[in-house]
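The chain contents come next:
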Amino acid sequence: MSEKIITQSLDDIMGDRFGKYSKYIIQDRALPDVRDGLKPVQRRILYAMYKEGNTYNKPYRKSAKTVGNVIGNYHPHGDISVYDAMVRLSQEWKMRIPLVDMQGNNGSIDNDPAAAMRYTEARLSAIAAELLKDIDKETVQMALNFDDTEYEPTVVPAKYPNLLVNGATGISAGYATDIPPHNLEEVIDATIYRLSHPHCSLDKLMEFMKGPDFPTGAIVEGKQGIRTAFEKGRGKVVVRSKTEIIHEKNMNKIIVSEIPYEVNKAELVRKLDEIRFNKSVDGIIEVRDESDRNGLSIVIDLKKDVDVQNTLNYFFKNTDLQKNYNYNMVAIKDKRPVCMGIEAILDGYIQHQIEVITKRSIFDLNKAEERKHIVDGLIKAVSILDDVVHTIRHSKDKQDAKINIQTQFGFTEKQSEAIVTLQLYRLTNTDIVSLEKEKEELESLIQTLNDILNIIKNYKIENNQLVIELTESGFIESDRFFVSFCNRLKENGILLALDDFGTGYSNFHYLYNLKPDCIKVDRGLMKNALANQYENMLLKHMIDMAHSVGVKMCIEGIETQEELDKILEMGCDYIQGYYYYKPMPIQEFE
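Bear in mind the structure is a predicted one, so any value in this text is a computation, not a measurement.

Caption draft 1: Fine view of the overall build of the chain. From N to C terminus, the chain includes 21 helices and 21 strands. Among the 590 residues that make up the chain, the fraction classed as buried is 44%. Accessible area of the chain: about 31,400 Å², with a carbon and sulfur share of 49%.

Caption draft 2: Fine view of the packing of aromatic side chains. Inspection of the entire model under this criterion finds eight aromatic pairs. Relative to Tyr74, the ring of Tyr47 lies with its centre 5.7 Å away and its plane at 70°, an arrangement referred to as edge-to-face. Of this pair, Tyr47 sits in helix α2 (residues 40-51) while Tyr74 sits in the loop between α3 (63-73) and α4 (79-90); the two residues are 27 residues apart in sequence, bridging distant segments of the chain. Take Tyr47 and Tyr74: they sit in the same class, and that class is buried. Clustering of aromatic rings is evident, with ring pairs tying together Phe214, Phe230, Tyr261, Tyr325 and Tyr327. The aromatic ring of Tyr60 is capped on one face by Arg123, whose charged end is 4.1 Å from the ring centroid. The ring of Phe316 carries the charged tip of Arg240 above its face, separated from the ring centre by 4.1 Å.

Caption draft 3: Highlighting the packing of α3 against α4. Packing of α3 against α4 brings their axes to within 10 Å, and their N-to-C directions diverge by 120°. With respect to each other, α3 and α4 are oriented oblique. Crossing geometry of α3 relative to α4 is assigned as right-handed. Only Asp79, Val82, Tyr83 and Met86 of α4 make contact with α3, whose side of the interface consists of Ser63, Thr66, Val67, Val70 and Ile71. Of the residues contributing to the contact of α3 with α4, the split by class is six nonpolar, two polar and one charged.

Caption draft 4: Expanded view of the layout of surface pockets. Of the volumes computed, that of the largest pocket is approximately 850 Å³. Taken together, 31 residues line the largest pocket, and the ones lying closest to its centre are Asp28, Asp33, Arg35, Thr154 and Lys335. Of all the secondary structure elements, the ones that give two or more residues to the lining of the largest pocket are α1 (10-30), α2, β4 (142-144), β5 (151-153), β15 (330-333) and α12 (342-383). Roughly 560 Å³ of internal volume is contained in the second largest pocket. Residue lining of the second largest pocket: 32 residues in total, with Lys39, Val41, Gln42, Ala85 and Thr169 positioned closest to the centre.

Caption draft 5: Quick look at the sheet that holds strand β2 (residues 100-103). As summarised here, the arrangement of the three strands in space is β1-β3-β2, forming an open sheet in which the pairing is antiparallel. Strands with a single pairing partner mark the edges of an open sheet, and in this sheet they are β1 (61-62) and β2. Here β1 runs beside strand β3 (residues 121-124); their pairing, made up of two bridges, is antiparallel. Among the inter-strand pairings, Lys62 is bridged to a residue of β3, identified as Glu121. Sheet strands in contact with α2 are β2 and β3, and its direction is about 90° off that of β3.

Caption draft 6: Geometry of the environment of Thr319. On the secondary structure map, Thr319 appears in the loop between α11 (308-318) and β14 (322-328). Residue Thr319 is classed as buried on the basis of its relative accessible area of 5%. For the pair Thr319 and Glu267, spaced 52 residues apart in sequence, the C-alpha separation works out to 9.8 Å. Residue contacts for Thr319: discarding those within four places in its chain leaves Leu268, Lys271, Leu272 and Ile275. From its side chain, Thr319 meets the backbone oxygen of Phe315 in a polar contact 2.6 Å long.

Caption draft 7: Highlighting a negative patch on the surface. On the surface, Glu436, Glu440, Glu441 and Glu443 cluster together into a patch of negative charge. With respect to the secondary-structure elements, Glu443 resides in helix α16 (residues 429-463).

Caption draft 8: Quick look at empty space enclosed by the protein. Applying the stated criterion across every chain, the model contains one cavity of 30 Å³ or more. One number sums up the size of the largest cavity: a volume of about 40 Å³. If you trace the largest cavity, you find it lined by Ala48, Met49, Glu52, Asn54, Arg61, Lys65, Thr66 and Asn69. Listed by contribution, the elements that provide at least two residues to the lining of the largest cavity are α2 and α3. It is α3 that provides the largest number of residues to the lining of the largest cavity, a total of three residues. Each residue belonging to the lining of the largest cavity can be placed in one class, and the counts come to two nonpolar, three polar and three charged.

Caption draft 9: Broad picture of the sheet that holds strand β11 (residues 251-258). An order of β10-β11-β13-β12 is seen for the four strands of this open sheet, with the pairing classed as antiparallel. Lying at the two open borders of the sheet, with one neighbouring strand each, are β10 (242-247) and β12 (284-289). The average undirected angle you get between the axes of adjacent strands in this sheet is 15°. Sheet topology places β11 next to strand β13 (residues 298-303); six bridges connect them, and they run antiparallel. Each residue of the ladder has a partner; that of Lys253, found in β13, is Asp301. Packing against the sheet, α11 makes contact with β10, β11, β12 and β13, and its axis sits at approximately 155° to β10.

Caption draft 10: Representation of the pairing of β2 within the structure. Burial along β2 is one-sided: Val100 and Met102 are buried, while Asp101 and Gln103, pointing the other way, are not. One ladder, built from four bridges, connects β2 with β3; its direction is antiparallel. Bridge pairing in β3 links Asp101 to Arg123.

Caption draft 11: Examining the environment of Thr177 more closely. Topologically, Thr177 is positioned in strand β7 (residues 176-179). Between the C-alpha atoms of Thr177 and Asn328, which are 151 residues apart in sequence, the distance is 5.3 Å. Setting aside residues no more than four positions away along its own chain, Thr177 makes contact with Ala30, Leu31, Pro32, Ala168, Thr169, Gly170, Asn328, Met329 and Val330. Here the side chain of Thr177 touches Val330 through a polar contact of 2.7 Å, landing on its backbone oxygen.

So, how was this worked out
Residues numbered from 1 in each chain as written. Predicted model: local features only at pLDDT ≥ 70, side-chain atom pairs only at ≥ 80, totals over all residues. Heavy atoms only, no water. Helix = DSSP H or I, 4+ residues; strand = E, 2+ residues; numbered from the N terminus. Buried < 20%, exposed > 50% of the residue type's maximum accessible area, 1.4 Å probe, protein only. Areas by Shrake-Rupley, 256 points an atom, 1.4 Å probe, with all protein chains shown as cover. Phe/Tyr/Trp six-rings, centres within 6.5 Å; stacked < 30°, edge-to-face > 60°. Lys NZ or Arg CZ within 6 Å of the ring centre and 35° of its normal. Axes fitted to C-alpha atoms, helices over the stretch in contact; angles between N-to-C directions. Parallel < 35°, antiparallel > 145°, perpendicular 65-115°, else oblique. Left-handed = near helix turned anticlockwise from the far one by under 90°. Contact = heavy atoms within 4.5 Å. Nonpolar A, V, L, I, M, F, W, Y, C, P; charged D, E, K, R; others polar. 1 Å grid on protein atoms, 1.4 Å probe; cavity = no way out; pocket = protein on both sides within 12 Å on 5 of 7 lines; lining within 4 Å. Points joined across faces, edges and corners; volume = space filled by probe spheres on them. Pairing = 2+ DSSP bridges. Polar contact = N/O pair within 3.5 Å; in protein donor to acceptor, adjacent residues only side chain to side chain. Patch = residues over 30% accessible without salt bridge, like charges linked within 9 Å, V, L, I, M, F, W, Y side chains within 5 Å. Salt bridge = Lys/Arg side-chain N within 4 Å of Asp/Glu carboxyl O. Lys, Arg positive; Asp, Glu negative; His and termini not counted. Charge placed at Lys NZ, Arg CZ, Asp CG, Glu CD.

Keep in mind these values describe shape, not function.
Printed below as a string of structure tokens:
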């Protein structure tokens, strides 16, 4: 056996190997996908349970069986790591909405371990079914598994923005993510508004999403921290336990009913009791954990003469009764790790849903058209039933019968197959009526699906068009190619927006050559026009010229009601920003 020796520097070898490893754990292990909010191991667990029929409306199955299916078919790693991920998906103090319904000991908020997988049973939760709904309708891309024997989804359809609802935590090479859970209803409302108003402001979205909604409750403080996190993907908020002070005859009590997210309750109680034991604060009689199946409850008994509020403030400062939560919303978008605010996250999810609904509608449309084709053939066959039966009876075999009825009556291959396999009871009057009714239903379904596809197509045209911004320096009078290029863009349905066109008055004649969809006038020119009569006249002249050739005018940077009123008088069409996607009439600006 001949030896093969490769001479290469250690730096190159280590850099290459670690680069491949880093790429793998970033894309395929530790970070969630912005489209469905799942890491690969979570996606594989849910898909394996779905494929095996282990759904919310079926009996529970042993967790060990599910873990075996996952590591045998999709996830070639340790069984403990898969089971731990499965347990986390079922823990209501970790997940805002658990995706796995587990029966048995699945751990506790005291950080007690779950029972071994041979003892617990699990199935998909009802809401997990919404993540996987329509996955069988070719809505998502499938990829071969590790041994090329089965296909697995690269993403699930996800009927709601799971990344924001359940959050995520993970550490990879050079990247980490900490996305808190949010309220499902708030997230859906924000998504619907973003869908209707693709360029809405963050402040408008925050009218729907007030902040994080942790499964353990507690109070989130710091509106500015929340806004910064929502805007940039990074920020810090303070999470404080929900407490109640009770004054009794012989003592005072502090009752803690909600604690910060991902705080170990048993460790918190131990730390509080340690403060009592060390007498760091005088007057603490006892610390008790009275939590039961009705909810969490930590009781701190204090002497009557102790300042309760000062003691509570000490606890907030020195224990996890108050804790900082650091947003770091990193997720995989277009196969790259990106730190995103909620606007980018919602946009990524909406784009995914457009693709899913498009593919689902095409799938259903093809099925409906295929079935309608068969029903048309059956109805036609019934209308000439005696001739068809006579032809079939005088044929040699099934194949000959199919060829004969295709030749004599003009049926297609699929129609002839359906006719020769038709059962006799289907020829009754009742079934004929049902066929005609089915045809009407199919025609209605086909029309509905075509309408959906047209709506999606129009939405893409209105909200995702390529915008060509052209600065004044791009206008060269002798450049006929430039004009031709712009006109070809418009012929192909591409929105042409001229940026800051108003700064070059000599370019008015380009209105007649290019006829852009919209022209933007920057705030500097607008302020000059409002303050100077000559500039005002020029701007008004430009607006009139634009309108004469069907071009809309957009004014940038209106800040006051007075400016708005003056611009209205000039006849401006849109406010800055909205002409890129779905224009907003200026009357709605207020």
